[in-house]
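One letter stands for each residue in the lines below.
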Amino acid sequence: MTKPSATAASGRHRLIVVGSGIAGLYASLLAADAGVDVVLLTKGALADSNTYYAQGGISAVLDEPSPGDTVAAHIADTLKAGAGHCNPNAVRVLCTEARRDIAGLERFGVRFDMDDDGDPALGLEAAHSAPRILHAGGDATGAGIANALICAVLAAQATGRIRLLGHARTTALVQSGRRVTGVEYLHDGQLKTVRGDAVLLATGGAGQLFAQTTNPSVATADGLALAWRAGAAVADLEFFQFHPTCMVRTAQAAESEGNQDPLLISEAVRGEGAILVDADGSRFMPAYHVDAELAPRDVVSRTVALHLAALGDPNGHVYLDARVIEDARGAGFLEKRFPTISKRTREAGIDWTRELVPVAPAAHYWMGGVSTDLHGRTTVPGLYAAGEVACTGVQGANRLASNSLLEGLVFGRRAVEAFLGGDVESDPGRPTNSSPESHAWEFEATPDPGPFSRGALRRLMTANAGVLRTGGQLREAGAALAAWAAVVRPEKVTEAEDPREHEDANLLLAAQLLVLAARERRTSLGAHYRDDSMPDEAPAEDIDNRYRMTPKASLVHD
Ligand code: SIN
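Description of the structure in this document. (Residues numbered from 1 in each chain as written. Predicted model: local features only at pLDDT ≥ 70, side-chain atom pairs only at ≥ 80, totals over all residues. Heavy atoms only, no water.)

Tallied over the full model, the rule gives 8 aromatic pairs. Look at Phe240 and Phe242: their rings are 6.0 Å apart centre to centre, the planes differ by 50°, and that puts the pair in the tilted class. Assigned by exposure class, Phe240 and Phe242 land together as buried. Plain terms: the ring middles of Phe338 and Trp352 are 6.0 Å apart, the flat faces sit at 65° to each other, and that makes the pair edge-to-face. With Phe338 in the loop between α12 (333-337) and α13 (339-347) and Trp352 in the loop between α13 and β15 (357-366), the pair connects residues that are 14 residues apart, well separated along the chain. Residue Phe338 is classed as buried on the basis of its relative accessible area, which comes to 0%. Taking relative accessible area as the criterion, Trp352 reaches 2% and is therefore assigned buried. Among the aromatic residues, ring-to-ring pairing joins Phe210, Phe240, Phe242 and Trp366 into one connected group. (Phe/Tyr/Trp six-rings, centres within 6.5 Å; stacked < 30°, edge-to-face > 60°. Buried < 20%, exposed > 50% of the residue type's maximum accessible area, 1.4 Å probe, protein only. Helix = DSSP H or I, 4+ residues; strand = E, 2+ residues; numbered from the N terminus.)

Listed below in structure tokens is the structure:
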């Protein structure tokens, strides 16, 4: 790899990192340790990230063989959960290098929970063949990791090794020819530019595309939109994971004064033995899958949706029964193992040691994203991506639980290594479903979908492109999105000073790309489930020509 030319006044190479989840924080620290001049931008505070809310943990096989577990088993579980759609090379890298980056986290002050013998306490989650989930603070793993990394970043800032730009919203990638050479960002109402040798996107996901999500409000597809506008290839966008157990706020909970943010009930709770029941109190998962509540996440979410539809209550909810855990493990276990969920359910007026928790699927994690190779390199020179915004192919069509923090770590570190010109071997990766040349399309817009609003977009996506989809619903969604896009023009960089308008445009663009990809894949696979699934992929010309792709009058290519 060609070494970047130094652009910083100091003469050091400069890496601009956008996003402060696990991938952005960890990569920034590693790069700073290697002597790179790091500029870290985050659109909110450092703690505003999906990482911060992660409960269950981070999967890793630490010593091989750990009791009953091997790296090979972790690889096999990841491939199986991914429904045969993973990039096996990426999975091998993820699982074999996990221990190296767990040690890296510990070096930056992250402490995982230990068992009574002083060994790491390992949890079990769905579709894992052995307990291998490291956790911190019981069910506050993300906060534990983020807080430690943030402390390390602030210390690096204090010594001038990282320049931190908080509340700085990246609005565009600066390009010289095709090469990315910096970012434009809004700060205090002013548009500013920072230049560097390369940009690493670590902006996270896009749960705000849907009406119900486990993601915080910052998850608005920003990195995907920035990269797409710069001409980067994207892939696997039809695969959006819905977590089966997001707490549903009953009227009573909505009136309570407690935290009204979405509340994920971690898969680790089912790993400890909780079961799902319907409004009649009947356990339904065993009738659908041999692994019942511990089936892969896409299976459980889809089963909940199909079961509710069969009961004639498609917009209803089911219940998580965690009482069985206390029966088996003794009073006080839930409070000790899951202190955050215990507190939050209590605030919502539910005592989960004695009551059922109402739950339903909610948008959680995007398997697709900006295509990268095994070193975080996108198809645009000077642009790297890592974490949820990226698509290494490691998550396939359905991510295995607790592999997301791990992906951000391993591939965030690999991107930094590539930037430094380290041990880069070439990997052709997988073909992508989008190329820079095929980025634009023409939709026959719905005459009047109503004025665009984020709420309307989220409702549309939930109704037409959610857990269950049909070609007709996707066609309708595409047409409504096209009508909004004709006004908002999300394919262009907006000059608005209101940061929310940038997010709206990013969400609209991401929704169009997701719907287009879902429309093109006519066969159900993993998290992409079509009620009208075809036995085989239809030939390209069979796709409704209202969705035809046309070469894009390039925004970025010279
Ligand atoms: C959970 O704790 O259930 C979420 C963890 C993940 O998404 O992997």
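You can see Asp351 is positioned in the loop between α13 and β15. For the pair Asp351 and Arg323, spaced 28 residues apart in sequence, the C-alpha to C-alpha distance is 9.7 Å. A distance of 2.6 Å separates polar atoms of two side chains, one belonging to Asp351 and the other to Thr353. (Polar contact = N/O pair within 3.5 Å; in protein donor to acceptor, adjacent residues only side chain to side chain.)

Following the criterion strictly, the structure yields 30 salt bridges and no others. As a salt-bridge pair, Glu293 and Arg283 come within 2.6 Å of each other at their nearest N and O atoms. Taken together, the residues Glu293 in the loop between α9 (285-288) and α10 (297-310) and Arg283 in the loop between β13 (275-277) and α9 connect sequence positions 10 residues apart. The exposure class of Glu293 is buried, given its relative accessible area of 3%. Judged by its relative accessible area of 43%, Arg283 is partly exposed. The salt bridge involving Glu347 is made with Lys343; its shortest N-O contact spans 3.1 Å. With a gap of 4 residues between them, Glu347 and Lys343 both fall in helix α13, about one helical turn apart. The partly exposed category is assigned to Lys343, whose relative accessible area is 47%. Among the ionic contacts, a cluster of salt bridges with common partners joins Lys43, Arg169, Asp222, Arg454, Glu503 and Asp504. (Salt bridge = Lys/Arg side-chain N within 4 Å of Asp/Glu carboxyl O.)

Core analysis: the biggest nonpolar cluster contains 61 residues, and Leu15, Ile58, Leu105, Phe112 and Leu149 have the highest contact counts within it. Every residue in contact with Leu149, bar those within four places of it in the chain, is listed here: Ile22, Leu25, Tyr26, Leu29, Leu105, Phe108 and Val110. Counting 60 residues, the second largest nonpolar core, distinct from the first, contains Val180, Val199, Ala232 and Ala456. (Core = buried A, V, L, I, M, F, W, Y, C linked by side-chain atoms within 4.5 Å. Contact = heavy atoms within 4.5 Å.)

In this model, Ala127 sits at a positive phi of 70°, which is unusual for a non-glycine residue. Tracing the backbone shows Ala127 in the loop between β4 (122-123) and β5 (133-134). The class of Ala127 is partly exposed, set by a relative accessible area of 21%. If you check the backbone angles, Ala292 has positive phi at about 45° while not being a glycine. Within the fold, Ala292 resides in the loop between α9 and α10. With relative accessibility at 9%, the residue Ala292 sits in the buried group.

It is worth stressing that arrangement in space is one thing and function is another; only the former is reported here.
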